[in-house]
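Coordinates in review
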Amino acid sequence: MSIMAQLQQNVRDFPHRTFITDSRHSLTYEQTVRRVLAAAGRFRASGVQRAYFYAPDSASVIVGLLAADHIGASACVLNHLYNSADLHYVLQQIGPGHYFSSRPSGLDAGKAEDIAAILQEAHKTGAAPEPAQPSPGTAGNAAEDVIILSSGTTGMPKAARYTWSRLLNQVRHIDRDASRVWLLTYGLCHFAGMQMLLHVLANGHTLVLPPSRQFEEIVSTVRRHKVDAISGTPTFWRLFAGHLARDTEKVIPLKQITLGGEVCTAELLSRLRHLFPEAIITQVYATTELGSCFAVTDGRPGFPVEFLERQVGNVRLKIVDGELYCKAENRMLGYMGPETVEAESGWMPTGDLVEIQGDRVLFRGRKSESINVGGVKIWPAKVEETILQAKNVLAARVYGRPNPVTGQLVVADLEVAPGVPHHCLIKEVRALCGSQLSRYEQPREIKIVDRIDRQNGKIARRRI
């Protein structure tokens, strides 16, 4: 089913159900179709073949994406937090296009249009005289390309090329009558955000876009719109849980919690179960290149070892030299630009290191993040998992610092709850590390910082 066909099906089933809500607009499925058709007519008249959206996530961005698909144009949402170097790098990989922006800084201002006009003009025109069938695609390498950027937490962002049908094929369909109100915590510029949008669309749910990623506003948005389902990274959930622990109105009756994008600890899963006892807690494994691979709902970190012995949905898994490999039917078509993909008969390395413990496969961190201390490889995720057992540590970033004797030293940055005595917390963290980690793994320096950089909800392993 195409995106427009899915929208029209939702109009028939739930004509007055809200599809998108942001700080300025609230659109039902019926209103969304009218605005998509109006924007599509405008795009066609302007000769749009590739549309870039460089703005905070909004109803305008979503309508623009769907309109581009309807006329067969390719589309890409750019991270609105990109600095000029990242923006220039990404645009070089993908190529020229038509820009819709809330701030043309970094773009060719002469080519950038105000993104707000997408909805403003659609509102004035009402139902556009747009034919129901899309026109043949002329953009990029194939019709209806959607270009999704990697998060860039460990290096420069890459541009993965998909078709909308490949993305829709990965969506899990649930009871369409049991409507959910989802909060968008991922950026639409990345795979998780795009998949969240399509999950909501395919199941006839509602998507709420918060005005910012500040936790005070997120909590306020959740309560105001009666959000009952949230998908976020473990870092997001740890900070969200920490914020609620200091909130006098603690109860938020969530029905669905989804985690993905980073290593998830048993301690965090236990905390979420305590805070949200009625919620289904789902861990999703997905990558920009491979798409959505599998999910587990048993409340334990990692995934069952039996997943290595059989096909799981549309993917197969194996371990090679400690690294997880995946063969996915709906993986990306390829990268835009000169990037190449390692693949052996469809098998792709994920870059995630894993370890079998009993009946479980546990994630140990990214292959690119290892720290070499005197010839011993240290995995930051393991050290961070230990540090995060300290109640007042909200986030931790462990990395290596060059050392002339050992090669590298382990360093830890901590983001902590307000009002906590720093010296007492550092002493607690050192005691935890001393009791659970080898001498090579124990941080030689522990720093309290105001905030640890995050990208798309994940701890940033490089600075942008």
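Read on for a plain summary of the structure. (Residues numbered from 1 in each chain as written. Predicted model: local features only at pLDDT ≥ 70, side-chain atom pairs only at ≥ 80, totals over all residues. Heavy atoms only, no water.)

1. A word on the sheet that holds strand β24 (residues 407–416)
Ordered by their spatial adjacency, three strands build an open sheet running β23-β24-β25, and the pairing between neighbours is mixed. Taken across any chain shown, the strands that pair with only one partner, and hence form the sheet edges, are β23 (393–403) and β25 (445–448). On average, each strand axis in the sheet is inclined to that of its neighbour by 25 degrees, with strand direction left out of account. As defined by bridge partners, β24 adjoins β25 across four bridges and the pair is classed as parallel. Among the inter-strand pairings, Val411 is bridged to a residue of β25, identified as Glu445. Running over the sheet, helix α11 (residues 380–387) touches β23 and β24 and is turned about 140 degrees from β23. Along the sheet, helix α12 (residues 422–436) contacts β23, β24 and β25; its crossing angle with β25, the most-contacted strand, is approximately 140 degrees. (Pairing = 2+ DSSP bridges. Helix = DSSP H or I, 4+ residues; strand = E, 2+ residues; numbered from the N terminus. Axes fitted to C-alpha atoms, helices over the stretch in contact; angles between N-to-C directions. Contact = heavy atoms within 4.5 Å.)

2. Side note on the packing of helix α1 (residues 3–13) against helix α2 (residues 29–46)
The relative placement of two packed helices is expressed as an angle between their axes plus a distance between the axes. Here α1 crosses α2 at 145 degrees, and the two axes come no closer than 8 Å. Between α1 and α2 lies a crossing of left-handed hand. Between α1 and α2, the contacting residues are Met4, Leu7, Gln8, Asn10 and Val11 on the first element and Tyr29, Glu30, Thr32, Val33, Val36 and Leu37 on the second. (Left-handed = near helix turned anticlockwise from the far one by under 90°.)

3. Describing the packing of aromatic side chains
A full pass over the atoms with the stated rule returns 18 aromatic pairs. On the numbers, 5.6 Å between centres and 25 degrees between planes, the contact of Phe215 with Phe236 is stacked. Of this pair, Phe215 sits in helix α8 (residues 215–224) while Phe236 sits in helix α9 (residues 234–245), and the two are 21 residues apart along the sequence. By the burial criterion, Phe215 is buried, and Phe236 matches it. Where Phe236 meets Phe240, the ring centres are 5.4 Å apart and the plane angle is 15 degrees; that geometry is what we call stacked. One end of the pair is Phe236 and the other is Phe240, both in helix α9 and four residues apart, which spans about a single turn. Neither Phe236 nor Phe240 differs from the other in exposure class; each is buried. (Phe/Tyr/Trp six-rings, centres within 6.5 Å; stacked < 30°, edge-to-face > 60°. Buried < 20%, exposed > 50% of the residue type's maximum accessible area, 1.4 Å probe, protein only.)

4. Quick notes on the environment of Leu268
Summarising the element assignment, Leu268 is placed in helix α10 (residues 266–275). Taking relative accessible area as the criterion, Leu268 reaches 1% and is therefore assigned buried. For the pair Leu268 and Trp237, spaced 31 residues apart in sequence, the C-alpha separation works out to 8.0 Å. Not counting residues up to four positions away in its chain, the partners in contact with Leu268 are Pro234, Trp237, Arg238 and Leu259.

5. With respect to the pattern of salt bridges
In the structure shown here, the tally under the stated rule is 16 salt bridges. When the shortest N-O distance is used, the salt bridge between Glu267 and Arg271 registers 3.1 Å. A residue pair is termed a helical-turn pair when its members lie 3 or 4 positions apart in one helix, as Glu267 and Arg271 do in helix α10 at four residues. For Glu267, a relative accessible area of 27% gives the class partly exposed. One salt-bridge network, held together by shared partners, links Arg238, Glu267 and Arg271. (Salt bridge = Lys/Arg side-chain N within 4 Å of Asp/Glu carboxyl O.)

6. Concerning unusual backbone geometry
Phi angles above zero are rare outside glycine, and Lys226 is one such case at about 55 degrees. Mapped onto the elements, Lys226 comes out in the loop between α8 and β11 (229–232). Judged by its relative accessible area of 67%, Lys226 is exposed. In this structure, Asp321 takes a positive phi of about 50 degrees despite not being glycine. Positionally, Asp321 belongs in the loop between β16 (315–320) and β17 (323–328). Note on Asp321: relative accessible area 77%, which makes it exposed.

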